[in-house]
Amino acid sequence: MSRYIVIGAGAIGGTIGAALADSGTEAVLVARGANADAVETSGVRLRTPDRTITAHPTVVRKPAEVALGTHDVLILATKTHQALSALQDWADLPVHDDSENPVGTAGEHLPLVLMLNGVEAARIAPRWFAEVYSTTIWLPALHIEPGEVVVRMRPALGGFFVGPVTAAARSGSVLESIATDFRAAGFEFVPVEDISVHAWAKLLSNLANGLDAILGPGADIGDLARAMRTEAKTVYAAAGIEHLSNGPAKHGIADRLQMSSVPGVESFGSSSWQSLARGTGSIETDYLTGEIVAIARTVGAEAPRCALVTRWCRALAADSDLGGVIPADAEERRAALERAFAEFAAADG
């Protein structure tokens, strides 16, 4: 049976660690600061629309505290901008067999499953790991308080589409056993051959994260988000990028992934908004809206809406208003974005 080392104990990692541990699967949660203290002392409190559980995965604070074995699976659940340092921290750790004999390093011998937004991690992970799987995540989760995560999906906790990135992953046999463990923990888990079309589709939905961060949870971002997705699809077309629309529906699991309210939870913001709410000083949008900007600049296309949202999010994470450019009031911010988007539309002709 596999043991899961969940690197990153935020909304996604905390949910995975709690659900696996609650189902009886061995899980190690790599956490930091007050969150690590809370999990170590009282466990992870997982709140869902239907129930609240408290699970007790093993908690560690740094890679050196984990003795890796050949049955371990690494789950990278950081934000994308934190992935590089995590990959470097874990790749060269020693792995031992059941007789405690060293067999090599984590990068050489252990499967790595990327469970984070964006597409950049799948590009860089093979520099350090031979067997890499990438995931698109359908799991709206909230992590604001140490030791607590909140999930809005029902009846499944969330859904994962997972596919190979590297040759070793394409020829590996571990994915089905991982699927079995995750399904037993309450997740929908769908292995796919081509994860890239799912990843590019999920990125389109994650473009709204930046707007949510700027305007706050519950804001009506529909028109702005649609304009950003249209812009991104134009960039995709210029770059020859294909994407799969509505993966959950096409794979027959949409009825298992229904959004619902959680008792006592009023504000439910995106992962990008949560970074601002926790005052982390950084934000993932450089690899969400910023990904569209990077592609546009590479192929000679235009992505002014995504560029504006990326720049504002980066400033807000750094506690800056860009010298007064970003209004303090949410409604004024909306008006400023709407004016800018209208100017972009006029320039588009």
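Residues numbered from 1 in each chain as written. Predicted model: local features only at pLDDT ≥ 70, side-chain atom pairs only at ≥ 80, totals over all residues. Heavy atoms only, no water.

Colleague: Give a detailed account of the environment of proline 140, specifying residues and quantitative values.
Modeller: Relative to the assigned elements, proline 140 resides in the loop between strand E11 (132-138) and strand E12 (141-142). Sequence-wise, proline 140 and valine 325 are 185 residues apart; in three dimensions their C-alpha atoms are separated by 31 Å. (Helix = DSSP H or I, 4+ residues; strand = E, 2+ residues; numbered from the N terminus.)

Colleague: Please provide a residue-by-residue account of the packing of aromatic side chains, values included.
Modeller: Considering all chains together, one arrives at eight aromatic pairs under this definition. On the basis of an interplanar angle of 40° and a centroid distance of 5.7 Å, the ring pair of phenylalanine 182 and phenylalanine 187 is categorised as tilted. Across this residue pair, the class does not change: phenylalanine 182 and phenylalanine 187 are buried. Ring centres of phenylalanine 182 and phenylalanine 189 lie 5.4 Å apart, and the angle between their planes is 45°; on these two criteria the pair is classed as tilted. Comparing phenylalanine 182 with phenylalanine 189, the two get one shared label, buried. (Phe/Tyr/Trp six-rings, centres within 6.5 Å; stacked < 30°, edge-to-face > 60°. Buried < 20%, exposed > 50% of the residue type's maximum accessible area, 1.4 Å probe, protein only.)

Colleague: Hey, could you go over unusual backbone geometry for me, with residue numbers and the actual values?
Modeller: Residue proline 155 follows arginine 154 across a cis peptide bond; omega there is -5°. Tracing the backbone shows proline 155 in strand E14 (residues 153-155). Although it is not a glycine, asparagine 246 adopts a positive phi angle of roughly 55°. Locating asparagine 246 in the fold gives a position in the loop between helix H10 (222-239) and helix H11 (247-250).

Colleague: So what's going on with helix H15 (residues 330-348)? Residues and values would help.
Modeller: Between its terminal C-alpha atoms H15 stretches 27 Å, which fits the 27 Å expected from 19 residues at 1.5 Å a residue. Within H15 the residues assigned to the buried category are Arg333, Arg334, Ala336, Leu337, Ala340 and Phe341. Within H15, the buried residues cover an arc of 165° as seen down the axis, which keeps them to one side. Those residues of H15 that are exposed and angled more than 90 degrees off the buried face are Glu331, Arg339, Glu343 and Ala346. On its buried face, H15 sits against helix H9 (208-215), H10 and helix H14 (304-317). For H15, the N-terminal capping position is held by aspartate 329, with its side-chain oxygen 3.0 Å away from the main-chain nitrogen of glutamate 331. Glycine 349, located one to two residues past H15, shows a positive phi value of around 85°. (Expected span 1.5 Å × (residues − 1). Arc of directions from axis to C-beta. Contact = heavy atoms within 4.5 Å. Polar contact = N/O pair within 3.5 Å; in protein donor to acceptor, adjacent residues only side chain to side chain.)

Colleague: Account for the pattern of salt bridges, with residues named and values stated.
Modeller: As enumerated under the stated definition, the model contains 16 salt bridges in all. Aspartate 22 is the salt-bridge partner of arginine 51, the closest N and O atoms lying 3.8 Å from each other. Of this pair, arginine 51 sits in the loop between strand E3 (44-47) and strand E4 (52-55) while aspartate 22 sits in helix H1 (residues 11-22), placing them 29 residues apart in sequence. The partly exposed category is assigned to arginine 51, whose relative accessible area is 45%. (Salt bridge = Lys/Arg side-chain N within 4 Å of Asp/Glu carboxyl O.)

Colleague: Can you break down the nonpolar core residue by residue, with the values?
Modeller: Judged by nonpolar contacts, the single largest core of 50 residues is most densely connected at Ile16, Ile75, Met115, Phe160, Phe182, Phe187 and Phe189. Sorting elements by how many residues they give to this core places H1 first, with six residues. Those residues in contact with phenylalanine 160 that lie beyond four places of it in its chain are Ile16, Met115, Thr135, Thr136, Ile137, Leu139, Phe182, Phe187, Glu188, Phe189 and Val190. Counting residues in hydrophobic clusters, the runner-up holds 40 residues, among them Trp200, Ala303, Ala336 and Leu337. (Core = buried A, V, L, I, M, F, W, Y, C linked by side-chain atoms within 4.5 Å.)

Colleague: Can you lay out the sheet that holds E4 for me, pointing to particular residues and giving the numbers?
Modeller: Sheet architecture is open: four strands sit in the order E4-E3-E13-E12, paired in mixed fashion. Of all strands in the sheet, those bounded by a partner on one side alone are E4 and E12. Judged from the four bridges that link them, E3 and E4 form a sheet pairing that is antiparallel. Across the sheet, residue valine 44 finds its bridge partner in E4, namely alanine 55. (Pairing = 2+ DSSP bridges.)

Colleague: Break down the side chain of asparagine 209 for me, citing the residues and quoting the values.
Modeller: Within the element layout of this structure, asparagine 209 appears in helix H9. If we ignore the near neighbours within four places in the chain, the residues touching asparagine 209 are Asn117, Ser270, Ser271, Ser272, Glu284 and Leu288.

Colleague: Describe in detail the pairing of strand E13 (residues 148-151), supporting the description with residues and values.
Modeller: Burial along E13 is two-sided: Glu148 and Val150 and Val149 and Val151, pointing in opposite directions, are all buried. Examined bridge by bridge, E3 and E13 share three bridges and lie parallel to one another. When the sheet's bridge partners are listed, arginine 45 is paired in E13 with glutamate 148. Pairing geometry for E12 and E13, over two bridges, is antiparallel. Across the sheet, residue leucine 142 finds its bridge partner in E13, namely valine 150. Linkage of E12 to E13, two consecutive antiparallel strands, is achieved through a turn of five residues, within which glycine 147 is found at a positive phi near 80°.

Colleague: Can you explain the layout of surface pockets? Please cite residues and give values.
Modeller: The volume enclosed by the second largest pocket comes to roughly 250 Å³. Considering the residues around the second largest pocket, the lining is formed by 21 residues, among which Val119, Ala122, Ser134, Ser196 and Ala199 are closest to the centre. For the lining of the second largest pocket, the secondary structure elements donating two or more residues are helix H5 (120-124), E11 and helix H8 (196-206). Split by residue class, the lining of the second largest pocket holds ten nonpolar, seven polar and four charged. (1 Å grid on protein atoms, 1.4 Å probe; cavity = no way out; pocket = protein on both sides within 12 Å on 5 of 7 lines; lining within 4 Å. Points joined across faces, edges and corners; volume = space filled by probe spheres on them. Nonpolar A, V, L, I, M, F, W, Y, C, P; charged D, E, K, R; others polar.)

Colleague: Lay out the sheet that holds strand E6 (residues 68-69) in plain terms, naming residues and giving numbers.
Modeller: Spatial ordering of the open sheet is given by E6-E8-E9, a layout of three strands whose pairing is mixed. On the outer flanks of this sheet lie E6 and strand E9 (102-105), each paired with one strand and no other. Judged from the two bridges that link them, E6 and strand E8 (residues 94-96) form a sheet pairing that is parallel. Paired with leucine 68 across the bridge in E8 is valine 95.

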